[in-house]
Amino acid sequence: MVASYMVPGLYVEDHEIAVPLDWRGVDINDPAQVLAARDSRSLTLFYRVVTAAQNRHRDVPTLVFLQGGPGGKSPRPESVDSVAWISEAAKNFRIVLPDQRGTGRSSSVSGSVIERVGAVGFHGLSGAQAQADYLQRFFADSIVRDFEWVRRADFGARKWVTLGQSYGGFLTLTYLSLFPEALVASFTTGGIPAVPAQAEELYRHTYEKLQLKINTFYERYPQDKEILARIAARVARGDVKLPNGDILSVKRLQSLGSSFGMKPSFEQLHWLLDDAFDADGNLSTQFLQGVFARTTSYGDELYWTLQEGIYQDGSDSGRCEPTNWAAQRVLNEHADLYAPQHDPLMFTGEMALPWMFEEDSALKPFAQAEQLLQASTNWGKIYDENQLAHNEVPLTSAVYFEDMYVPQELSLRTLSHIPNSQAWVTNSYQHDGVRETSSVFAHLLELASARGALEELGM
């Protein structure tokens, strides 16, 4: 244990454990192999354990949170009530909050780190090839093995419950595929992917959802059409700089739509536009600072770098079709609609696009490696469809009807092939519903309890 302390209502413990950087060829059931791989080259995996103050000395079940992303660190609760789902889960569980490898305090990967990898090499490779091979160690097959090693090494191999938000739902299906014996029950919120995974199919669905969100925004704030047209016309000159020196392009302006699937994104954009121009008719410093804050990848570099790779599931041979900038290919089919001069200005969603690695200073060090990842046909196996087809672990999933990021059509199709699963389809929440209100996780617990899924925990 690194440290222990209190925040209001929660007892907190910080932990670190070394894990192998490369899990390939390592049998996790053989501790000697794991330790040898770890000794060869390791990462530090950080995780935080939070317990309601009243449960600190009680033997309560353990729940591990599978964070969204990719490239996302776990929440930092300011109090027991500061994160909605934690306030509910802490009533019954001891909660494990891991930072996924490469994020937060888990050997975080930044531009300087990836530049060093290219310079010193990795697995006998150098330059961009080394960087791409290194980055492929940060997907679901490695993340889940990290968590499973933590369970075995630090929790006495005691079964635990998982809660996966967004990309955490993808990790949930990987966990159910690889180590179902580790789980008492699993919950997901807005995070059941298509299995088998196909990036282009995903983007065709999310593109349609995005258009509905854009229409809703302009219906709610029609006056913003003119403001955005003025801003786009000014930005199109190519000389507007963001606070860090990056040029603000129309494409970067359009990326403000990436948060449209969460609350209160419409209102946040509307108020950002409210004072976009100063008294001289120039774009205001507060507007440019706001755009920078919403579009920079500093501190979140892996989010876009790994984005399309999360839809890659290697076959038994480890090979699959390349993503080849799937989001951009779908967007190209609507090029006229996304032209800078289109009225009204259109927005892009959760889409990793080539311009990001050309214009965002935080992502520039990853550009060459990203090109190789987009062309790669060699990926780890993350889903075992046969195992999922014979699933015995109770899986309870919140599926958001209007989800802009993980379309409910694909989620329900996948769940229809997973026995012992239950879907709660609702249009009462957006993609971040579990963070918005404690009632989301509370209802999932009620559904699981009603079908006896938590009997092993005495719930």
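Residues numbered from 1 in each chain as written. Predicted model: local features only at pLDDT ≥ 70, side-chain atom pairs only at ≥ 80, totals over all residues. Heavy atoms only, no water.

## Digging into helix H3 (residues 111-120)
Two residues of an α-helix separated by three or four positions point the same way, owing to the 3.6 residues in each turn.
And step 1. Looking at H3, one finds that the buried residues are Gly111, Val113, Ile114, Val117 and Gly118. For H3, the buried positions fall inside an angular range of 165° around the axis, keeping them on one side. Looking at H3, the residues exposed on the side facing more than 90 degrees away from the buried face are Ser112, Ala119 and Val120.
And step 2. Those residues of H3 that are buried are in contact with helix H4 (127-135) and helix H12 (301-305). (Buried < 20%, exposed > 50% of the residue type's maximum accessible area, 1.4 Å probe, protein only. Helix = DSSP H or I, 4+ residues; strand = E, 2+ residues; numbered from the N terminus. Arc of directions from axis to C-beta. Contact = heavy atoms within 4.5 Å.)

## As for the environment of alanine 89
And step 1. Relative to the helices and strands, alanine 89 resides in helix H2 (residues 84-89).
And step 2. Alanine 89 sits in the buried class, given a relative accessible area of 0%.
And step 3. Residues alanine 89 and serine 42, 47 residues apart in the sequence, show an inter-C-alpha distance of 32 Å.
And step 4. Here alanine 89 is in contact with Ile95 and Phe441, once residues within four sequence places are set aside.

## Some thoughts on the packing of helix H10 (residues 265-274) against helix H11 (residues 285-295)
To characterise two packed helices, one gives the angle between the axes of the helices and the distance between these axes.
And step 1. Running from amino to carboxyl end, H10 crosses H11 at an angle of 150°, the nearest separation of the two axes being 9 Å. Considering their axes alone, H10 and H11 lie roughly antiparallel with respect to each other. Where H10 crosses over H11, the handedness of that crossing is left-handed. Across the interface between the two elements, Gln268, Leu272 and Leu273 of H10 pack against Phe287, Gly290, Val291 and Arg294 of H11.
And step 2. Grouping the amino acids of the contact of H10 with H11 by side-chain chemistry returns 4 nonpolar, 2 polar and 1 charged. (Axes fitted to C-alpha atoms, helices over the stretch in contact; angles between N-to-C directions. Parallel < 35°, antiparallel > 145°, perpendicular 65-115°, else oblique. Left-handed = near helix turned anticlockwise from the far one by under 90°. Nonpolar A, V, L, I, M, F, W, Y, C, P; charged D, E, K, R; others polar.)

## Focus: a nonpolar patch on the surface
And step 1. Side chains of Phe401, Leu412 and Val425 sit close together on the surface and give an oily, nonpolar patch of about 230 Å² of accessible area.
And step 2. Mapping valine 425 onto the fold places it in strand E9 (residues 421-426).
And step 3. Taking relative accessible area as the criterion, valine 425 reaches 38% and is therefore assigned partly exposed. (Patch = residues over 30% accessible without salt bridge, like charges linked within 9 Å, V, L, I, M, F, W, Y side chains within 5 Å. Areas by Shrake-Rupley, 256 points an atom, 1.4 Å probe, with all protein chains shown as cover. Salt bridge = Lys/Arg side-chain N within 4 Å of Asp/Glu carboxyl O.)

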